[in-house]
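Reading the structure
Chain residues, written in single-letter form:
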Amino acid sequence: MRITNKHGVPETIVRAVQDDEYDKGDSVLSVTQLISPPRIVILQSVNQHNLEVDVVNRVPALLGTAVHKILEKGSKDLPHYHLEERLFDVVRGWKISGAVDVQIDNGDGTWDINDYKITSVYSVQSDKPEWEQQLNCYAYLAYKNHGRRLRSLKIVAILRDWVRKQAELKPDYPQSQIAVVDIPLWTFEEQEAFVEGRVLLHQAAQKAVDSGEPLVYCTDEERWVRGETWALMKEGRKSAVKLYDNQEDATRAAKELGESIGLNPGHYVEHRHGSPIRCAGNYCLVAGYCRQWQRSLVQGSGDGSG
Ligand code: SF4
């Protein structure tokens, strides 16, 4: 992947970004890839030599590396802290791997896993299913590699946009710039079923591509579609009477209005697609190579449904 420097940032930063220490060993999929949409993973692999990213878009990854250096320093002389161990397993014939930030030996036969992230306040206040998936994949690997039984999974979140004033005003705002988020720990059977299911999904996508079939589309959830609405419309009127965030409520309202004015209801429901934040917002590296997204742009829908 080529790193560009369109904003003329200092050479030190460019070189730090270029010196990426990320290495997934000889595995086919890292945990990050495993939980990512198969379409993104395959398009990245096929286009890896053509992809380019500007150095400023690598700042979050760069900060992540910086945090890991701090972590190394802070864990020195703590022998029960095991840092950044890459763990492997072979699932359905594919080798997978994950590098776990911190595994803590509790001394009673149980272990904790901590993952460090630089993230936003919004992230720790929202549902993050990918955090739950990622850490449970690590727990799965820790058990498969060492028989480690997990007691807890935690995200240690360093909040880059934390504002002290907000913390003073709102009790439900994170009260410190470092928030520790408990992540639900699945049973080993649930972890195993999840990992195997994801490997099968990626294998099916790869098989389709190898045999010349179209690559599976990303789902709305994978494209981070936001703002999908169902508009209650009235014949002869351009704007919506009311917007609903689900089809059932909109349909019920149209029906009730229709019934209330007798034989000439004149009301109908119009589905309005949301916007795929991941495709449109510079979050997907392969957007320029993705027919699903490019086609929707050409069709003018901009929602990736084309
Ligand atoms: S651009 Fe959108 S649809 Fe295409 S691979 Fe990326 S997330 Fe998926």
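Some thoughts on the packing of helix H3 (residues 38-46) against helix H8 (residues 188-210)
Running from N to C, H3 and H8 cross one another at 50°; their axes reach a closest spacing of 9 Å. Looking at the two axes, H3 sits oblique to H8. Considering how the two elements wind past one another, H3 and H8 form a crossing that is right-handed. Between H3 and H8, the contacting residues are Pro 38, Val 41 and Ile 42 on the first element and Arg 198, Leu 201, His 202, Ala 205, Gln 206 and Val 209 on the second. When the residues that make up the contact of H3 with H8 are grouped by side-chain class, the tally is 6 nonpolar, 2 polar and 1 charged.

Quick word on the domain arrangement of the protein chain
Looking at the assigned domains, one finds that the protein chain contains domain 1 (2-28 + 44-192) and domain 2 (225-299). Facing the 7 residues of domain 1 at the interface are 4 residues of domain 2. Both faces combined, the contact of domain 1 with domain 2 buries some 520 Å², and carbon together with sulfur accounts for 62% of it. When the area that domain 1 buries against domain 2 is broken down by residue, the three leading residues are Gln 44, Asn 47 and Leu 51, summing to 61%. One can count 0 salt bridges joining domain 1 with domain 2. At the surface where domain 1 touches domain 2, the tally comes to 1 residue pair in polar contact (both at pLDDT 80 or more). Its residues assigned to classes, the side of domain 1 that touches domain 2 comprises 2 nonpolar, 4 polar and 1 charged.

Here is what the cut-offs are and how they apply
Residues numbered from 1 in each chain as written. Predicted model: local features only at pLDDT ≥ 70, side-chain atom pairs only at ≥ 80, totals over all residues. Heavy atoms only, no water. Axes fitted to C-alpha atoms, helices over the stretch in contact; angles between N-to-C directions. Helix = DSSP H or I, 4+ residues; strand = E, 2+ residues; numbered from the N terminus. Parallel < 35°, antiparallel > 145°, perpendicular 65-115°, else oblique. Left-handed = near helix turned anticlockwise from the far one by under 90°. Contact = heavy atoms within 4.5 Å. Nonpolar A, V, L, I, M, F, W, Y, C, P; charged D, E, K, R; others polar. Domains from an automatic or database assignment. Buried area = accessible area lost by both parts, 1.4 Å probe. Salt bridge = Lys/Arg side-chain N within 4 Å of Asp/Glu carboxyl O. Polar contact = N/O pair within 3.5 Å; in protein donor to acceptor, adjacent residues only side chain to side chain.

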